[in-house]
Amino acid sequence: RSEEMAKLTQLIDNEVFRAYATYATIVLLKMMLMSLITAYFRITRKAFANAEDTASFGKGENAKKYLRTDPDVERVRRGHLNDLENIVPFLGIGLLYALSGPELYTALLHFRIFAGARIAHTFAYLIPLPQPGRGLSWAVGYAVTISMAYKVLKTALYL
Amino acid sequence: RSEEMAKLTQLIDNEVFRAYATYATIVLLKMMLMSLITAYFRITRKAFANAEDTASFGKGENAKKYLRTDPDVERVRRGHLNDLENIVPFLGIGLLYALSGPELYTALLHFRIFAGARIAHTFAYLIPLPQPGRGLSWAVGYAVTISMAYKVLKTALYL
Amino acid sequence: RSEEMAKLTQLIDNEVFRAYATYATIVLLKMMLMSLITAYFRITRKAFANAEDTASFGKGENAKKYLRTDPDVERVRRGHLNDLENIVPFLGIGLLYALSGPELYTALLHFRIFAGARIAHTFAYLIPLPQPGRGLSWAVGYAVTISMAYKVLKTALYL
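From a predicted model like this one, the values you see are computed outputs, not experimental measurements.

## Describing a nonpolar patch on the surface
Residue and element names in this part refer to chain A.
Moving on, step 1. Together, Y105, L109, I113 and V140 give the surface a local cluster of nonpolar side chains, amounting to about 390 Å² of exposed area.
Moving on, step 2. It is helix α5 (residues 104-126) that contributes the most residues to the nonpolar patch, three residues altogether.
Moving on, step 3. Note that I113 resides in helix α5.

This is the structure in structure tokens:
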């Protein structure tokens, strides 16, 4: 069994794979942060989606008025959904890309730009920055993912 | 080629990786169940999102009245989205964690608690249980994922 | 290090794994296309979710009227969310399935049917086709994922 473990450890010892592991974890933690920001705005704006979440504010009509949408809460939720839509492709395509034998320098460039673009996207969404701030940061992450997908298909295509 | 196949099979023979495969599959099947529950409530509550879904109820205004939201349908959909937001990080970080060489006992502990917390979260959302039932089950799954992310970054960090 | 790289390359040299890499990339690119279609409808229908996105249409009330939902935009967004709900399980379970040592023929059959079903689902959603067109394409992709999950649990189960 320690021999198998050694083989697995070799995967995580590979520098490209370690870079993928690092940046994939960073963007996932950033995405998870959106849940905490949503909770923060729901509590400070007193805007909830479930009746059981408002029970601590009293009973009946008094609690019901907090079952509402709030612009700040909805903004964070849109940012969270945009993360899901863009980070899921990065996770899948990035893993396959890391296994397709790219140069370490090229791989790091892809991963760093993607992570930077998604962090910039979050700031652009939450501040919010005037357009095309958010649009550009979104497009950069999108283009990086397309570039990795091209490498995966060039290396592995088997239809 | 059978040699390569053997190498791949070694991955799935590793006990930590098998545990990851088992619990990742379980939580994904649980998430997929949300689609069936949504369909069940859409049909029993007669609440649909697309005009073509209501065509069997007749034509014109008679069918249009079923294009509406229903509290039970929306509740399941929120639970489904919460699954996506939390199970995607578990999938990605959990895979990297399984490859980072954790002790089998520790890895099983992480995977079991995460799966249990997400199953509890679904019951808390759908019954629904009074808070902090849902909040706690969410937080436990979140904390497990953070703990795995810490191990991944400690083992693999390559910026 | 080149030895490690060789081991990684062996993974991507395996035919089942290459097939997974190919079809996973295809369905993720298809999902990413939904972002572009959403942007296309938002711009042509002039229906936006964020105030900063409407700034180019003028100031004050003139711009505010474009902060609205549009049936075509909402339809694409539902299709995008349905992709997330179904492609995330395929990504995770499909990867584990590819590592569980299936026959190449059987694996290709699963991957091809899933990709075909999701592409059909998108056409059924966006045209839109009368039911049960969309329902059936959804169910086929769902059934393929369940079939792969069964193989993963049969091969790897470790609770």
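## Points about the UniProt feature "transmembrane region" (unreviewed entry) in chain A
All names here are of chain A.
Moving on, step 1. According to UniProt, the "transmembrane region" (unreviewed entry) feature falls on residues 20-41 and 87-115.
Moving on, step 2. Along residues 20-41 the backbone is 100% helical and 0% strand, and the end-to-end C-alpha distance reaches 32 Å.
Moving on, step 3. Helix and strand shares over residues 87-115 are 83% and 0% respectively, and the end C-alpha atoms of the span are 9 Å apart.

## Side note on the nonpolar core
Moving on, step 1. The biggest cluster of nonpolar side chains holds 114 residues, and the ones touching the most others in it are F17(A), F111(A), F17(B), F111(B) and F111(C).
Moving on, step 2. When residues no more than four places from it in sequence are discounted, the contact partners of F111(A) are V16(A), A19(A), Y20(A), Y23(A), F90(A), G94(A), Y97(A), A98(A) and M148(A).

## Brief notes about unusual backbone geometry
Moving on, step 1. Of note, the bond from I127(C) into P128(C) is cis; its omega dihedral lies within 30 degrees of zero at -15 degrees.
Moving on, step 2. Within the secondary structure, P128(C) sits in the loop between α5 (104-126) and α6 (133-156).
Moving on, step 3. In this model, Q131(C) is joined to P132(C) through a cis peptide bond whose omega is 5 degrees.
Moving on, step 4. One can find P132(C) in the loop between α5 and α6.
Moving on, step 5. Located in the positive-phi region is K46(B), a residue other than glycine, with phi close to 50 degrees.
Moving on, step 6. When you line up the elements, K46(B) lands in the loop between α2 (15-44) and α3 (61-64).
Moving on, step 7. For K46(B), a relative accessible area of 31% translates into the label partly exposed.

## Focus on the relation of the copies chain C and chain B
One copy of the chain maps onto the other through a rotation about an axis followed by a shift along the same axis.
Moving on, step 1. At an RMSD of 0.0 Å, chain C and chain B line up after a rotation of 120 degrees and a shift of 0.0 Å along the axis. Between the two chains, the operation in question is that of a three-fold axis. Residue V88(C) of chain C places its C-alpha closer to the rotation axis than any other residue of that unit, at 4.3 Å.
Moving on, step 2. Interface residue correspondence from chain C to chain B reaches only 15%, placing this contact among heterologous pairings that use different surfaces.

## A few points about the packing of helix α4 (residues 71-98) of chain A against α5(A)
Residues and elements named next belong to chain A.
Moving on, step 1. In contact at an axis separation of 10 Å, α4 and α5 are set at 175 degrees when each is read in the N-to-C sense. Relative to α5, the element α4 is oriented roughly antiparallel. Contacts from R75, V76, R78, G79, N82, D83, N86, I87, F90, G94, Y97 and A98 of α4 reach α5 at T106, A107, H110, F111, F114, R118, H121, T122, Y125 and L126.
Moving on, step 2. Along the lines of polarity and charge, the residues of the contact of α4 with α5 split into ten nonpolar, eight polar and four charged.

## Here we look at the relation of the copies chain B and chain A
Moving on, step 1. Superposing chain B onto chain A takes a rotation of 120 degrees plus a shift of 0.0 Å along the axis, which leaves an RMSD of 0.0 Å.
Moving on, step 2. When the interface residues of chain B are mapped onto chain A, a mere 15% of them again fall at the interface, so the copies present different faces.

What counts, and at which threshold
Residues numbered from 1 in each chain as written. Chains lettered and ligands numbered in written order. Predicted model: local features only at pLDDT ≥ 70, side-chain atom pairs only at ≥ 80, totals over all residues. Heavy atoms only, no water. Patch = residues over 30% accessible without salt bridge, like charges linked within 9 Å, V, L, I, M, F, W, Y side chains within 5 Å. Areas by Shrake-Rupley, 256 points an atom, 1.4 Å probe, with all protein chains shown as cover. Salt bridge = Lys/Arg side-chain N within 4 Å of Asp/Glu carboxyl O. Helix = DSSP H or I, 4+ residues; strand = E, 2+ residues; numbered from the N terminus. UniProt positions renumbered as here; feature names shortened; annotations may be inferred. Core = buried A, V, L, I, M, F, W, Y, C linked by side-chain atoms within 4.5 Å. Buried < 20%, exposed > 50% of the residue type's maximum accessible area, 1.4 Å probe, protein only. Contact = heavy atoms within 4.5 Å. Least-squares fit on C-alpha atoms with pLDDT ≥ 70 in both. Axes fitted to C-alpha atoms, helices over the stretch in contact; angles between N-to-C directions. Parallel < 35°, antiparallel > 145°, perpendicular 65-115°, else oblique. Nonpolar A, V, L, I, M, F, W, Y, C, P; charged D, E, K, R; others polar.

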